[in-house]
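# Coordinates in review
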Amino acid sequence: MAGEPQPDCLFCKIVSGEIPATIVRETETTVAFRDINPQAPTHVLVIPRVHHRDAAALAAAEPAIAADILQEAGRVAADEKIVDTGYRVVFNTGSGAGQTVFHAHAHVLGGRGLQWPPG
């Protein structure tokens, strides 16, 4: 069921502490941790504690938590000292867009020039 932890979800297991991660921030509704395959000097994932398949599903079901993710992305950027040089927040939605873990999450990327258009 949407919102409930999924036993086969990697990010649900990180939220529960079952799988370790390098956590950089936590709130009541979100967890932020370093990506294990970073694509930039700063690459942090911000996820909701609740399980929703992707950003669109999260926004439809729990818009306040979707907003929390964006607020935390900004706080991560401030903590990582990449606000002044710029950073990118990316939500991949669907496998065709590169989503590999089907638990909504935002990538916070910075610390190097980021070209446009991406990929």
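On a predicted model such as this, the values are computed, not experimentally measured, just so you know.

Conventions used here
- Residues numbered from 1 in each chain as written.
- Predicted model: local features only at pLDDT ≥ 70, side-chain atom pairs only at ≥ 80, totals over all residues.
- Heavy atoms only, no water.
- Helix = DSSP H or I, 4+ residues; strand = E, 2+ residues; numbered from the N terminus.
- Contact = heavy atoms within 4.5 Å.
- Buried < 20%, exposed > 50% of the residue type's maximum accessible area, 1.4 Å probe, protein only.
- Pairing = 2+ DSSP bridges.
- Core = buried A, V, L, I, M, F, W, Y, C linked by side-chain atoms within 4.5 Å.

Now for the environment of G3. Looking at the element boundaries, G3 is found in the segment before helix 1 (10-16). As for G3 and R34, which are separated by 31 residues in sequence, their C-alpha atoms are 23 Å apart. The residues touching G3, leaving out its near neighbours within four places in the chain, are V50, H51, H52 and E62.

Within strand 5 (residues 106-110), 5 of the 5 residues are buried, which leaves the element mostly enclosed by the surrounding structure. Side chains A106, V108 and G110 of strand 5 all project onto a buried face; the interleaved residues H107 and L109 project onto the opposite face, where all are buried too. In this sheet, strand 5 lies alongside strand 3 (residues 42-48) in antiparallel orientation, the contact comprising 5 bridges. In the strand pairing of strand 5, T42 is matched with G110. Pairing analysis gives 4 bridges linking strand 4 (residues 87-90) to strand 5, with the strands arranged antiparallel.

With omega at 0 degrees, the peptide bond leading from W116 into P117 counts as cis. Phi at K81 takes a positive value of approximately 60 degrees, unusual for a residue other than glycine. Secondary-structure assignment places K81 in the loop between helix 3 (63-79) and strand 4. For K81, a relative accessible area of 71% corresponds to the exposed category.

A word on the environment of V24. With respect to the helices and strands, V24 occurs in strand 1 (residues 23-26). When the C-alpha atoms of V24 and E80 are compared, they prove to be 9.5 Å apart, with 56 residues separating the residues in sequence. Those residues in contact with V24, other than ones at most four positions away along the chain, are A32, F33, R34, V44 and E80.

Membership of the largest hydrophobic core comes to 15 residues, with the highest contact counts inside it found for A32, V46, L58, I69, V76 and V108. Those elements that place two or more of their residues in this core are strand 3, helix 3 and strand 5. Ranked by the residues each element gives to this core, the list is headed by helix 3, at 6 residues. Setting aside anything within four residues of it in sequence, one finds L58 in contact with P48, V50, H52, P63, I65, A66, I69 and A104. Membership of the second largest hydrophobic core comes to 9 residues, among which are C9, F11, C12 and L45.

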